[in-house]
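Notes for the structure review
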Amino acid sequence: MGTEFLRLPAYAKINLSLEVLGKRDDGYHEICTIMQTVDLADELMISPANQLEVLCDDPDLSGDHNIVWDAAVALAAYGGIEPKGRIRVNKRIPTAAGLGGGSADAAAALRGLNHLWHLGLTNEQLRSVAASLGSDVPFLVEGGAASGTGRGDVLKQMTSRGGLPVLLVTPAESISKKTPTMYASLTPRDYSDGMHTHGLAGSNELAAGTITSDLCHNVFARAALEIYPGISDVWQATAAIAEHAPCLSGAGPTFFCMPSDEEEHDKVAEALRDSGAKVFLTRTTNAMQAV
């Protein structure tokens, strides 16, 4: 790939398991999760420029309103250079949906600008920059599958089988200040010891690529079904059709069923046609190679 123009995918992620162990002294929550990238992706196009520019097909996400801008500034500071470059972001991942879209864009920007600026940083170094941008960004530098502890930024890469079909459903409704609202909705009864996640991480199903969403778990599912307007109807309509039970991703509202297929996707899309929900048939992806 040449240095004059870079085109990079920014893959979404789902949480195959997400547990909250409790609240930390620093105000954040201790989590235990397994994340997996899927091939629903935004696209970043990066080229040289005399100053930093971030353009997005969603005008509200252009300029310094975009986390991609923060990623470029942070990487330039780490490398001791001025942030210069034109970054165009074409959105396909729904925003604020539990799929890590903004984090994926930031991670792709780090990878691309590392190449454009000839910094020669390793993925480990990029993850250290990414940690200042958000808890999902370090994982999305490389993607694939990984377990996450701490705030989700202490990562252990896992063997991932690519190509497993995953049905994603993103309800139309959203809530303001989603992540703090969802965490605030948790009670001590929602906290767990992480054993579900650890068990899934060591399971034959995950290693063999035979995992189903029936085995997945998300601590926010209860709260999501109570808080997000309209999600319960969309969830129940999907569950009535899908072979495997829905599981929430991140703090929602997106949920997934896996494995899936085109026939199931078409049936769910038809059932939800008037709901405003977005329905995608995606596939799991392996860890990305360096640019």
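The text that follows walks through the structure, step by step, so that each part is easy to find. (Residues numbered from 1 in each chain as written. Predicted model: local features only at pLDDT ≥ 70, side-chain atom pairs only at ≥ 80, totals over all residues. Heavy atoms only, no water.)

As for the nonpolar core
Across soluble globular proteins, nonpolar side chains have a tendency to be buried as a group. Note the following rule: Note on terminology: a nonpolar core comprises buried Ala, Val, Leu, Ile, Met, Phe, Trp, Tyr and Cys residues joined through side-chain atoms within 4.5 Å. Each residue is assigned to one of three classes by its accessible area relative to the maximum for its type, calculated with a 1.4 Å probe on protein chains only: buried under 20%, partly exposed between the two thresholds, exposed over 50%. Numbered from the N terminus, helices here are DSSP runs of H or I no shorter than four residues, and strands are runs of E no shorter than two.
Core analysis: the largest hydrophobic core is formed by 58 residues, its most contacted members being I14, L16, I87, L110, L168 and F256. Among the elements that take part in this core, helix α2 (residues 101-116) stands out by supplying eight residues, more than any other. L167, Y228, W235 and L272 belong to the second largest nonpolar core, which has 25 residues in total.

Describing the sheet that holds strand β9 (residues 247-248)
The criterion, for reference: Here the rule is simple: two strands pair whenever DSSP picks up at least two bridges between them. The contact criterion used throughout is that any non-hydrogen atoms of two residues lie within 4.5 Å. Axis definition: a line fitted to C-alpha atoms, over the contacting stretch in the case of helices. Angles run 0 to 180 degrees between N-to-C directions.
The sheet built from four strands is open, its strands ordered β9-β10-β7-β11 with antiparallel pairing. The sheet terminates laterally at β9 and β11 (278-283), the two strands that pair on one side only. Pairing geometry for β9 and strand β10 (residues 255-257), over two bridges, is antiparallel. Bridging across to β10, C247 finds its partner in F256. Sitting on the sheet, helix α9 (residues 231-241) touches β7 (165-170), β9 and β10, and the angle it makes with β10 is about 5 degrees. Each of β7, β10 and β11 touches helix α10 (residues 262-271); the most contacted strand, β11, lies at about 170 degrees to it.

Considerations on the layout of surface pockets
Applied cut-off: Points on a 1 Å grid, built from protein atoms alone, make a cavity when a 1.4 Å probe fits but cannot get out and make a pocket when they are open with protein on both sides within 12 Å along at least 5 of 7 lines; residues with an atom within 4 Å of a point are the lining residues. Grid points are joined across faces, edges and corners, and a volume is the space filled by probe spheres set on the points. Throughout, the ten residues Ala, Val, Leu, Ile, Met, Phe, Trp, Tyr, Cys and Pro are labelled nonpolar, Asp, Glu, Lys and Arg are labelled charged, and all others, Gly among them, are labelled polar.
What the largest pocket holds in volume is close to 940 Å³. Surrounding the largest pocket, 37 residues form its lining, S103, S135, D136, K178 and T179 being those nearest its centre. Looking at the lining of the largest pocket, the elements that each hand over two or more residues are β1 (6-23), β2 (29-47), α2 and α5 (178-184). Split by residue class, the lining of the largest pocket holds 14 nonpolar, 17 polar and six charged. Looking at the second largest pocket, its volume works out to about 160 Å³. If you trace the second largest pocket, you find it lined by P94, T95, A96, A97, T170, P171, A172, E173, S174, P253, G276 and K278. Here the residues of the lining of the second largest pocket are counted per class, giving six nonpolar, four polar and two charged.

Here's the deal with a negative patch on the surface
The cut-off we apply is this: Each patch groups residues whose relative accessible area exceeds 30% and which form no salt bridge, using 9 Å between like charges and 5 Å between nonpolar side chains of Val, Leu, Ile, Met, Phe, Trp and Tyr. The accessible surface values rely on the Shrake-Rupley method and a 1.4 Å probe; as for residues, cover is taken only from the protein chains in view. Salt bridge, as used here, is a side-chain nitrogen of Lys or Arg placed within 4 Å of a carboxyl oxygen of Asp or Glu. Asp and Glu count as negative and Lys and Arg as positive, but His and the ends of the chain are not part of the count. Every charge is mapped to an atom, namely NZ of Lys, CZ of Arg, CG of Asp or CD of Glu.
Side chains of D214, E243, D261, E262 and D266 sit close together on the surface and give a patch of like negative charge. Within the secondary structure layout, D266 lies in helix α10.

Some words on empty space enclosed by the protein
Over the atoms a probe the size of a water molecule is rolled, and this reveals where empty space is left. Tallying each qualifying case throughout the model produces two cavities of 30 Å³ or more. As a volume, the largest cavity reaches approximately 80 Å³. Every residue along the wall of the largest cavity is listed here: L16, Q36, A145, T159, S160, R161, L164, L206, G209, I211, M258 and T284. The class makeup of the residues in the lining of the largest cavity is six nonpolar, five polar and one charged. Estimates place the volume of the second largest cavity at around 30 Å³. What lines the second largest cavity is P9, A10, Y11, A104, A107, A108, R111, L140 and M288. Broken down by element, the lining of the second largest cavity gets its largest block of residues, four residues, from α2. Its residues assigned to classes, the lining of the second largest cavity shows eight nonpolar, no polar and one charged.

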